[in-house]
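# Chains, contacts and geometry: an overview
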Amino acid sequence: MRVLVITGAGVSAESGIPTFRGKDGYWRNFDPAKLATPEAFARDPQLVWEWYRERRQRICNAQPNAAHAAIAKLAQHANEFLLVTQNVDDLHARAGMSPTKMVQIHGNIFVTRCSRCDFSVLELDEEWQEIPRCANCDALMRPGVVWFGEQLPWNELQRVENFLDRRACDIVIVAGTTALFGYIVDWALRANRGGELIEVNPEETPLSQFATRLVREPAAIALPRLVDQFVSQTKL
Ligand code: OAD
């Protein structure tokens, strides 16, 4: 069995991480979609960093939920598996997802990288008050995530493309994402050529019309049940 899972913020919602476009998404009256941009960083890097540092803290204090655990279980049972997550948190990893089977297509919130050159560091324990400057070129450091209008990281993109090019998938699950980015819908459709395309989301999305099964439930309820079904019935 060949399986592709695509996740978005909804999968971490039940761990207490606010989604981007949900009602809890606003931070101090700022729209995250406007903060997660190169323009916002250029205008007010301090404000953007405050938001990301708060999110880092919240993620550190959060625990993976049953949806993360179910996806990790599916990964262990499938012959070939790839998780493409838009989430920059580490909850999939902490639930046991192997890095070899996961692509964080929008980056990793715990990476701090230079806004000008390639220098980056993994920061789990930051102490700084002032925004750090690059050790190589002295430019301001920024969070290692993809912002609106920026290109997807090349290596991660290649891993997704390679997986999609190899063979069609028997099961594609898209969970907890508004699927507003064209590439999310595109990858799900390219992976699914005649198999199951399951959407797990309490709300309708642009992908819903293509799904072979719609599960309008929270991910932490729907995914453990779905995965158990697959593992027992299809002998993954
Ligand atoms: P959004 O905040 O846009 O959407 C969250 C989705 O999760 C919505 O479709 C909700 O209906 C759904 N949802 C909410 N609670 C859920 C639950 N308990 N179980 C299942 N689904 C639930 O988040 P994303 O689609 O991940 O990108 O957003 C995509 C990207 O836009 C993010 O990675 C980020 C953002 O701007 C960048 O920063 C580049």
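Up top is the structure.
Below or above, wherever it landed, is the structure these notes cover. (Residues numbered from 1 in each chain as written. Predicted model: local features only at pLDDT ≥ 70, side-chain atom pairs only at ≥ 80, totals over all residues. Heavy atoms only, no water.)

What follows covers the site of the ligand. Not every one of the 21 residues close to the ligand is listed here, only the nearest: F20, R21, F148, T177 and N201. One nitrogen or oxygen atom from the main chain of F20 is found 2.7 Å from an oxygen atom belonging to the ligand. In this structure, Q86 approaches the ligand through a main-chain N or O atom, which is 3.2 Å from an oxygen atom. When the ligand is considered free in solution it has 790 Å² of accessible area, and contact with the protein chains removes 91% of it. A class-by-class count of the residues in the shell around the ligand yields nine nonpolar, nine polar and three charged. (Near = heavy atom within 4 Å. Polar contact = N/O pair within 3.5 Å; in protein donor to acceptor, adjacent residues only side chain to side chain. Areas by Shrake-Rupley, 256 points an atom, 1.4 Å probe, with all protein chains shown as cover. Nonpolar A, V, L, I, M, F, W, Y, C, P; charged D, E, K, R; others polar.)

Of all residues except glycine, most have a negative phi; of all peptide bonds, most are trans. One non-glycine residue, D138, adopts positive backbone phi at about 75°. Considering the arrangement of structural elements, one finds D138 in the loop between β5 (120-122) and β6 (141-145). Looking at D138, the relative accessible area reads 46%, which means it is partly exposed. At A179, a position not held by glycine, the phi torsion is positive, near 50°. Checked against the element boundaries, A179 lands in the loop between β7 (171-175) and α8 (182-191). (Helix = DSSP H or I, 4+ residues; strand = E, 2+ residues; numbered from the N terminus. Buried < 20%, exposed > 50% of the residue type's maximum accessible area, 1.4 Å probe, protein only.)

When you line up the elements, S208 lands in the loop between β8 (196-200) and β9 (213-215). Overall, S208 belongs to the buried group, its relative accessible area being 7%. Within the structure, the side chain of S208 is placed 2.6 Å from the side chain of E199, a separation counted as a polar contact. Other than its neighbours up to four places away in sequence, S208 contacts E199, L214 and R216. (Contact = heavy atoms within 4.5 Å.)

Here we take up the sheet that holds β9. In space, the six strands of this open sheet follow the order β3-β2-β1-β7-β8-β9, with parallel pairing throughout. Two strands lie at the open edges of the sheet, namely β3 (102-104) and β9, each paired on one side alone. Neighbour-to-neighbour, the strand axes of the sheet open up by a mean angle of 15°, direction not taken into account. In terms of strand pairing, strand β1 (residues 2-7) meets β7 through five bridges, oriented parallel. Each residue of the ladder has a partner; that of I6, found in β7, is V174. Across the sheet, helix α7 (residues 154-166) lies against β1, β2 (80-85) and β3, angled at about 140° from β2, the strand it touches most. Running at roughly 155° to β8, helix α9 (residues 219-233) makes contact with β7, β8 and β9 of the sheet. (Pairing = 2+ DSSP bridges. Axes fitted to C-alpha atoms, helices over the stretch in contact; angles between N-to-C directions.)

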